[in-house]
Amino acid sequence: MKRVEFLIEWGLFGCALLSIGTTIGIILVLTIETVSFLRQVPIADFLFGTEWTPLFATPRFGVLPLVAGTMLVSAIAMLVALPMGLLSAVYLSEYADERLRRAVKPVLEILAGVPTVVYGYFALLFVTPLLQAVAPTLAGFNALSPGLVMGIMILPLVSSLSEDAMRGVPRGLREGSYALGATKMQTSLRVVVPAAFSGITAAFILAVSRAIGETMIVAIAAGQQPRLTADPRVPVETMTAYIVQVSLGDTPQGTLEYRTIFAVGMLLFIGTFGLNLVSTWLRERYREEYA
Amino acid sequence: MSAALPGIVWRRRADAAFRALALLVLFVALAALGTLIWDIVSDGAGALSWSFITSFSSRRASQAGIWHALTGSVFVILVTTVLAVPVGVAAAIYLEEYGGRSLVARIIELNITNLAAVPSIIYGLLGLGLFVRMMGMGRSILAGAATLALLVLPVVILSTREALRAVPKSLREGSYALGASKWQTIWHQVLPVATPGILTGLILALSRAIGETAPLITIGAVTFITFAPDSIWSPFTVLPIQIFNWVSRPQVEFQAVAAGGILVLVALLLSMNAAAIWLRDRHQKRGTW
Amino acid sequence: MRAEAADRPDLPAKVEVDSLNFFYGAKRALEDISIRIKPNVVTAFIGPSGCGKSTFLRTLNRMNDIIPGTRVEGRVLIDNVDIYGSGMDVVHLRRRVGMVFQKSNPFPKSIFENIAYGLRVNGMAGSKSELAGRIEECLKQAAIWDEVKDRLDESALAMSGGQQQRLCIARALAIRPDIILMDEPASALDPIATQHIEELIYDLKQAYTIVIVTHNMQQAARVSDQTAFFWLGRLVEYDRTERIFTAPSEKLTEDYVTGRFG
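In this text the structure is predicted, and so the values were computed from the model without any measurement. (Residues numbered from 1 in each chain as written. Chains lettered and ligands numbered in written order. Predicted model: local features only at pLDDT ≥ 70, side-chain atom pairs only at ≥ 80, totals over all residues.)

Visitor: I keep staring at the overall build of chain C and nothing clicks. Help me out?
Guide: Of the regular secondary structure elements, chain C holds 10 helices and 10 strands. The 262 residues of chain C split such that 44% are buried. Pairs at least 24 apart in sequence give 68% of the contacts found in chain C among residues at least 6 apart. (Helix = DSSP H or I, 4+ residues; strand = E, 2+ residues; numbered from the N terminus. Buried ≥ 20, exposed ≤ 12 C-beta atoms within 10 Å, placed from the backbone. Contact = placed C-beta atoms within 7 Å.)

Visitor: Explanation requested: the overall build of chain A in the structure shown.
Guide: Across its full length, chain A holds 12 helices and two strands. In sequence order, the secondary structure elements of chain A are arranged as α-α-β-β-α-α-α-α-α-α-α-α-α-α. Burial status across chain A gives 50% buried among its 291 residues. Taking all contacts inside chain A whose residues are at least 6 apart in sequence as the whole, residues at least 24 apart take part in 72%.

Visitor: Is there a simple way to explain the interface of chain B and chain A in this structure?
Guide: Chain B puts 64 residues into the contact, and the matching count from chain A is 69 residues. Considering each element in turn, the side of chain B that touches chain A owes the most residues, 17 residues, to helix H1 (residues 8-44) of chain B. Among the residues making up the side of chain B that touches chain A, the classes are represented as 45 nonpolar, 12 polar and seven charged. (Nonpolar A, V, L, I, M, F, W, Y, C, P; charged D, E, K, R; others polar.)

Visitor: Teacher, can you tell me more about the packing of helix H1 (residues 2-40) of chain A against helix H4 (residues 103-115) of chain B here?
Guide: Between two packed helices, both the angle of their axes relative to each other and the distance between the axes serve to describe the pair. At a minimum axis separation of 9 Å, H1 of chain A and H4 of chain B run at an interaxial angle of 55°. The angle between H1 of chain A and H4 of chain B falls in the class oblique. Our pair here, H1 of chain A against H4 of chain B, has a crossing hand that is left-handed. Packed against H1 of chain A, whose contacting residues are Ala16, Ser19, Ile20, Thr22 and Thr23 of chain A, the element H4 of chain B presents Ile108, Asn111, Ile112 and Leu115 of chain B at the interface. Considering only residue class, the contact of H1 of chain A with H4 of chain B consists of five nonpolar, four polar and no charged. (Axes fitted to C-alpha atoms, helices over the stretch in contact; angles between N-to-C directions. Parallel < 35°, antiparallel > 145°, perpendicular 65-115°, else oblique. Left-handed = near helix turned anticlockwise from the far one by under 90°.)

Visitor: So what exactly am I meant to see when it comes to the interface of chain C and chain B here?
Guide: Think of interface size as the accessible area that goes away when the parts come together; that is how it is often given. Residue-level contacts link 23 residues of chain C with 17 residues of chain B. If you list the elements that add at least two residues to the side of chain C that touches chain B, you get helix H2 (90-96), strand S6 (97-100) and helix H3 (111-121) of chain C. Each residue belonging to the side of chain C that touches chain B can be placed in one class, and the counts come to 12 nonpolar, six polar and five charged.

Visitor: Explanation requested: the arrangement of the chains in the structure shown.
Guide: With two pairs of chains in contact overall, the contact-richest pair is chains A and B. Left apart from each other, chain A and chain C have a closest C-alpha approach of 10 Å.

Visitor: Even after reading the chapter, I still don't get the sheet that holds strand S4 (residues 70-78) of chain C, so can you show me in this structure?
Guide: Remark on secondary structure: sheet strands pair via backbone hydrogen bonds, oriented parallel or antiparallel. All names here are of chain C. The strand order across the open sheet built from four strands is S2-S1-S4-S5, with neighbouring strands paired in antiparallel fashion. At either end of the open sheet lies a strand with only one pairing partner, and these are strand S2 (27-37) and strand S5 (81-82). The pairing of strand S1 (residues 15-24) with S4 spans eight bridges and is antiparallel. For glutamate 16, the partnering residue across the bridge sits in S4 and is leucine 77. (Pairing = 2+ DSSP bridges.)

So, in structure tokens, the structure goes:
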């Protein structure tokens, strides 16, 4: 009987260890191919080069255009998602009554659950033509349209995480502020939000990480022209869209072009993993403050 | 007692303006969703038909169908479930019931939290390097399902843990006091009570998996395929990839087809959710009194 | 005329505790407890809340083991075997030392299954008719058979609080323990249900050794033969119930039972 219990516990433990295996697997796969890549392309060229043309006759492997594309689209998305998400969270946490909350929450959940291809369709075939009617200089593929749509997609994430953080602020703090005659807005913005600061920052960082890692919206609507630019009206290519582009093609295994997707993937992984770690650390610290 | 507080009028106005701004934000979110739904439905309703669902893809928009992608999606999700559920539930049981606060358990927890936020395309690269190449599964349903299983594993583990945590301590104590072992307590008492919660988490995970495009493209799910998959080793495609393929075509006729595909995807998502909710309610009535 | 097993010093102690110290992490919750509990006797643990009586009760079936960070020093001997010794099988211990909790905790299953569970996990189920027979027997022992005999397949959660508690007692009896530990078994019940439980305890005394924690002094006086008074983690006085309530030796005991604090 005891033997069986022992075996069961070890079996369960093995399953739990699998998650470590996943992380190790990711790191291994990315590292092996990236190392091969870096044997043929100097790392300085990769990280600081400004032209990305790996499939041309004279290939260039400067990743900055892809990074710029990612940053541009993500920045636009954050301009939408962060302020709107925070406002939404403040309203839901401090103002809204139960009825409104019950009506709004499902809407936000659905927005968060829509598959990203659907958002990509929406960005390319609805939002872009709409924006072009207003600003005719907008190209068919651009950074603005997917950026806006991505912002809408990430808004619920910012809203719900920030709301959780604000809900963690003890009621006593609010009551102290009201007792001094402050309005709800003053209490929310000057007492609750600052008190929930690290929790909210953790939410923001997670949102950025999500935007950077998003693939399909940009693959459909942003274009496939790597360009080092800050102009939201022209086609760009993000790191994620590049990986999709190559995967759709017929690149054979073992070639330099094949390895580029792992090198780009490695960069993407380091960036998002770093952001996620910071976000987790901030959330832990916040929990300690108010636990 | 009518001495007005300084600036009270201004402060009240600012408060009202703030309230209005916040409501505007919520309205924008609602409008965005509404516009999205309207756009898709109006574009795609025309393309929906029985032949659309049962035909295969074609170079001509008027003959394009979705059967191969639909069966591919269903097949992949089934295999993903078989792979992810036992491992995920087992891992969650370990962490929640056995692990405690040991260092190893904390490292695993931290790792899972981080994995949950890794971009899905990275999982695709992992699947490509590990399943497709190293383990030689090729661009098969099995490789795709294994990749998706790793992707949804953190979600399954996290939500199963919450379900286990929600089981009252008194239930475990009552069982231990009768001389039951840890595993007997978990298997006979804790798991049955936690099952509805576990199922809910599963719905969440699989709903996400069914909409996933990037990792499957990366492992090589093809975008033009003319047959339904017949085994776990066959090449395949899934609904979101087929939609992506149609959206990417310049011909205007394919827009409607893509929208139709989206409607089918959404229908599949909704019916999955409904089936799982029904399953959960049924278990709740029968098993947990 | 109650059989006064407590009055027979020749009977060996069922439970013998020697200098027991108990720690929650660094904090000492029980200090130097030594007591001998006789068989077939009802012993009551009384004392103000937080004095350690429940903690001490739970050391007798090692229920504190499931709380992380706890530590035990000293010996607890049941039938002369140290239950904290290295060879002790906790699962086996808990079959012989049963427990009834303050808040009744029936499993979310049928009445039948609630009792069958304990029998099954201990390998005592036997054939279908043996199982049914055993279940009927302990439900009768718990004085609840007549009320549930026609609805054994219904959910245990549909019963009243008092019935649930008697079901939990039946569940504990089913696996034939020697000792039954009860942690404030009637504190959540109304007076009539409480009376049922107290009568039950009196009847069970013939066949079992019972230790009951209670904050209700009148209940202790009614139900027990021996009483132990705890205060701030120490055993202050342990004697026959009559003596404790009419002529205690310690001033602290006297102050408590006369209500000067508590």
